[in-house]
Amino acid sequence: MRGMKLFNLNDPGWGRGQQNQDDNSSDNKPGQSGGPPDLDEVWRDFNKRLTGLFGKRGGRGPRLPTGGGLPSLPGPSPRFVLLLVIVAILLWLASGFMIVQEGQVAVVTRFGKYTRTLTPGLQWRMPYPIEASQDVNIAQLRTFEVGFRGSSRNKVLSESLMLTNDENIVDVQFVVQYRLRPDGAPAYLFNTSQPDESVRQAAETAMREIVGRKPMDFVLYSGRTEVASEVQALAQSILDRYKTGIQISTVAIQNVQPPEQVQAAFDDAVKAGQDRERQINEGNAYASQVLPEAEGQAARMIQEAEGYSAKVIGQAQGNTSRFDSVAAEYNKAPAITRERMYLETMQDILNDTAKVLVDVPSGNNMLYLPLDKIMGQAAHAAGTAGGASGAAAAGSGGGTVAGAGAAAHAATTSRTGKPSGSPAARGVPSGLDSLLNNPYSN
């Protein structure tokens with residue numbers, strides 16, 4: 001295609017060369033001095049340049065029709081038409097490129113039938129109308145509420161009121177969270193007409209079924225977690241049965257309470273139940289305190305009884321062995337054994353007594369020695385002597401020693417029953433000494 005020189009529209013001569021210069025000669029034609037250019041010439045020049053643009057060389061363009069109608073333009077070149085077709089096809093094919101965002105997939109349909117699923121990234125499909133795509137967010141965590149909207153006070157009683165196994169009505173408010181499975185986008189789009197509403201209805205159906213199997217107290221107090229787990233499993237089985245491509249993540253029970261009309265009576269019943277539980281706990285605590293103590297006492301008594309039994313049995317066995325040994329010795333020397341046994345017995349009897357009876361071989365009467373009174377008098381005399389000599393340190397010390405010696409001698413006498421040494425050395429009163437020397441003087 002050859003080049004073309006365009007005319008300047010600001011040129012007064014409209015592209016006619018030297019004719020656009022001012023010419024004041026008298027040979028100018030009428031109407032050319034300062035007038036508009038010839039329209040026929042302008043159209044021929046434009047048609048010539050347009051024809052050169054479309055590939056035709058030479059020739060003259062069409063003239064204006066004499067009837068005043070529009071002129072006919074020359075037909076386009078086949079190469080230009082082919083170029084336009086190729087460009088249009090390339091643009092149409094380029095419209096099939098698409099970018100799938102992270103966390104999304106593109107479901108591709110060919111003439112309305114599902115063919116494949118495109119993963120995140122730069123993807124290509126056949127352009128419209130052969131293939132079409134629809135983006136589906138599989139990473140989004142979808143949430144809906146059953147029994148309330150926004151706040152627990154904004155209740156939807158048609159959804160929250162449910163009947164329990166013991167024919168009581170409870171107000172259950174819960175939240176369900178779900179997302180699409182990685183391969184569940186086609187099922188989410190084509191298997192159900194309203195998949196989100198299907199999830200809501202499945203969750204509500206499962207909750208009513210599970211609550212209908214449980215008693216009221218179980219749903220209100222101890223069984224919330226178990227009820228939520230069972231509802232999630234049952235709702236998921238319903239959705240899998242319909243092949244919705246949805247995975248339930250969480251079923252959380254927000255609030256469970258009796259209806260407002262019976263709330264006061266139910267609170268009284270709950271309070272009574274709490275009092276009952278408190279008393280039971282107190283009884284269990286008291287039993288836990290008393291039972292170990294009683295068991296400990298019983299174990300201690302059993303051990304004491306076993307110890308006493310062992311002690312008695314041991315003593316009996318020891319006495320038996322001793323009696324056997326004594327019997328053997330007695331058989332060898334009966335008189336000596338009898339006397340020794342008598343002396344040992346009397347020693348055991350008189351060991352802790354303060355009264356002594358002295359048997360005199362030459363007489364028939366026994367001498368009674370009141371050692372307790374004698375010892376008391378000796379201690380009193382020693383105390384009186386010590387108080388009288390308290391002014392002098394040496395004297396008081398000697399008196400105390402003498403009093404202590406008298407008391408010790410009296411104790412020794414009471415233990416042995418026999419005086420030792422002279423009366424002055426023993427610190428024994430003269431009356432007692434004479435009595436000991438001559439017991440039958442009285």
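Above this text you will find the structure in question.
Residues numbered from 1 in each chain as written. Predicted model: local features only at pLDDT ≥ 70, side-chain atom pairs only at ≥ 80, totals over all residues. Heavy atoms only, no water.

K.L.:
Explain the overall build of the protein chain to me, please; I cannot follow it from the model alone.
P.N.:
Across its full length, the protein chain carries 13 helices and 13 strands. In the protein chain, buried positions account for 25% of the 442 residues. A separation threshold of at least 6 residues defines the contact pool for the protein chain, and within that pool the share at least 24 residues apart is 59%. Approximately 30000 Å² of the protein chain is accessible, and the part contributed by carbon and sulfur atoms is 56%. (Helix = DSSP H or I, 4+ residues; strand = E, 2+ residues; numbered from the N terminus. Buried < 20%, exposed > 50% of the residue type's maximum accessible area, 1.4 Å probe, protein only. Contact = heavy atoms within 4.5 Å. Areas by Shrake-Rupley, 256 points an atom, 1.4 Å probe, with all protein chains shown as cover.)

K.L.:
When you look at the sheet that holds strand β5 (residues 131-137) in this model, what are you seeing that I'm missing?
P.N.:
The strands making up a sheet associate through backbone hydrogen bonding, with each pair oriented either parallel or antiparallel. Strand order in the open sheet formed by three strands is β3-β2-β5, and the pairing between neighbours is antiparallel. The sheet is open, and its two edges are formed by β3 (113-118) and β5, each paired on a single side. Taking each pair of neighbouring strands and ignoring which way they run, the sheet shows an average axis angle of 25°. With seven bridges connecting them, strand β2 (residues 104-110) and β5 associate as antiparallel partners. Following the sheet pairing, Thr109 is matched in β5 by Ala132. (Pairing = 2+ DSSP bridges. Axes fitted to C-alpha atoms, helices over the stretch in contact; angles between N-to-C directions.)

K.L.:
I keep staring at the packing of helix α8 (residues 263-332) against helix α9 (residues 334-350) and nothing clicks. Help me out?
P.N.:
Helix packing for two helices is described by the angle between their axes and how far apart those axes are. At a minimum axis separation of 6 Å, α8 and α9 run at an interaxial angle of 130°. When the interaxial angle is binned, α8 and α9 end up oblique. Contacts between α8 and α9 involve Val326, Glu329, Tyr330, Asn331 and Lys332 from the first element and Pro334, Thr337, Arg338 and Met341 from the second. The residue makeup of the contact of α8 with α9, split by class, is four nonpolar, two polar and three charged. (Parallel < 35°, antiparallel > 145°, perpendicular 65-115°, else oblique. Nonpolar A, V, L, I, M, F, W, Y, C, P; charged D, E, K, R; others polar.)

K.L.:
I'm lost on the side chain of Glu131 in this one. Help?
P.N.:
Structurally, Glu131 can be placed in strand β5. Engagement of the side chain of Glu131 in a polar contact is seen with the backbone nitrogen of Met126, the distance being 2.8 Å. Beyond its immediate sequence surroundings of up to four residues, Glu131 is in contact with Val108, Thr109, Arg110, Arg116, Arg125 and Met126. (Polar contact = N/O pair within 3.5 Å; in protein donor to acceptor, adjacent residues only side chain to side chain.)

K.L.:
I'm lost on the pairing of strand β1 (residues 97-100) in this one. Help?
P.N.:
On a regular strand, each side chain points to the face opposite its neighbour's, so the side chains alternate between the two faces of the sheet. Residue alternation in β1 divides its side chains into a buried set, Met98 and Val100, and an unburied set, Phe97 and Ile99. Bridging between β1 and strand β4 (residues 121-124) involves four bridges; their strand directions are antiparallel. Looking at β4, one finds that Val100 is bridged to Gly121.

K.L.:
Just to check I follow, could you spell out helix α7 (residues 224-241) for this structure?
P.N.:
One turn of the α-helix equals 3.6 residues, which is why residues spaced by three or four share an orientation. The terminal C-alpha atoms of α7, which comprises 18 residues, lie 26 Å apart, in line with the 26 Å expected from a rise of 1.5 Å per residue. Structurally, α7 contributes buried residues whose contacts are with α5 (195-213), α6 (216-222) and β11 (246-257). (Expected span 1.5 Å × (residues − 1).)

K.L.:
Whenever I open this one, the pattern of salt bridges confuses me. Can you help?
P.N.:
Any two side chains of opposite charge can pair, so long as their charged atoms come close to each other. Scanning the model with the defined rule gives 13 salt bridges in all. The partner of Lys155 in a salt bridge is Asp171, with the nearest N and O atoms 3.4 Å apart. Pair noted here: Lys155 is in strand β8 (residues 151-155) and Asp171 is in strand β10 (residues 169-180), with a separation of 16 residues, a long-range link. Look at Asp171 and you get buried, because its relative accessible area is 3%. Overlapping salt bridges bring together Arg110, Arg116 and Glu131 as one network. (Salt bridge = Lys/Arg side-chain N within 4 Å of Asp/Glu carboxyl O.)

K.L.:
Explain unusual backbone geometry to me, please; I cannot follow it from the model alone.
P.N.:
Peptide bonds are trans in most cases, and residues, glycine excluded, mostly fall at negative phi. With an omega of 15°, the peptide bond running from Tyr128 to Pro129 counts as cis. Inspection of the secondary structure assignment puts Pro129 in the loop between β4 and β5. Phi angles above zero are rare outside glycine, and Lys243 is one such case at about 55°. Structurally, Lys243 is set in the loop between α7 and β11. In this structure Lys243 comes out as exposed when scored by relative accessible area, which is 59%.

K.L.:
For this particular structure, what's the right way to read the packing of α5 against α7?
P.N.:
Relative to each other, α5 and α7 sit at 135°, their axes nearing to 8 Å. Here α5 lies oblique to α7, going by the angle between them. Every pair of crossing elements has a handedness; the one defined by α5 and α7 is right-handed. Contacts from Ser198, Val199, Ala202, Ala203, Ala206, Met207, Glu209, Ile210 and Val211 in α5 reach Val227, Glu230, Val231, Leu234, Ala235, Ile238 and Leu239 in α7. A breakdown of the residues in the contact of α5 with α7 according to their chemical character gives 13 nonpolar, one polar and two charged. (Left-handed = near helix turned anticlockwise from the far one by under 90°.)

K.L.:
Got a minute to help me understand the packing of aromatic side chains in this structure?
P.N.:
Per the stated rule, a full pass over the model turns up three aromatic pairs. Ring geometry for Tyr114 against Phe190: centres 6.3 Å apart, planes inclined by 50°, an arrangement best described as tilted. You can see Tyr114 sitting in strand β3 and its partner Phe190 sitting in helix α4 (residues 185-190), a full 76 residues away along the chain. (Phe/Tyr/Trp six-rings, centres within 6.5 Å; stacked < 30°, edge-to-face > 60°.)

K.L.:
What should I look at first to understand the nonpolar core in this one?
P.N.:
As a rule of thumb, soluble globular proteins bury nonpolar side chains together. If you look at the biggest cluster of nonpolar residues, it comprises 39 residues, and the most contacted ones within it are Val136, Phe174 and Met207. Not counting chain neighbours up to four residues away, the residues in contact with Met207 comprise Met162, Val172, Phe174, Val227, Val231 and Ile253. Core analysis: the second largest hydrophobic core is formed by five residues, Met98, Ala106, Val108 and Leu118 among them. (Core = buried A, V, L, I, M, F, W, Y, C linked by side-chain atoms within 4.5 Å.)

K.L.:
Looking at this structure, I do not really get the side chain of Thr164. What am I missing?
P.N.:
Summarising the element assignment, Thr164 is placed in the loop between β9 (161-163) and β10. A polar atom in the side chain of Thr164 sits 2.5 Å from the side chain of Asp166. Leave out the neighbours within four places in its chain, and Thr164 touches Val170, Val211, Gly212, Lys214, Pro215 and Met216.

K.L.:
Teacher, can you tell me more about the pairing of β3 here?
P.N.:
Sheet topology places β2 next to β3; five bridges connect them, and they run antiparallel. Following the sheet pairing, Val108 is matched in β3 by Arg116. Counted along the chain from β2 to the antiparallel partner β3, the turn is two residues long, and its residue Phe111 has a positive phi close to 55°.

K.L.:
Looking at this model, I keep getting lost on the environment of Gln247. Mind explaining?
P.N.:
Structurally, Gln247 can be placed in strand β11. Relative accessible area serves as the criterion here: at 31%, Gln247 is assigned to the partly exposed category. In this structure the C-alpha to C-alpha distance between Gln247 and Gln232, which are 15 residues apart in sequence, comes to 9.9 Å. Leave out the neighbours within four places in its chain, and Gln247 touches Tyr178, Arg179, Arg181 and Gln236. Side chain to side chain, Gln247 and Arg181 meet in a polar contact 3.1 Å long.

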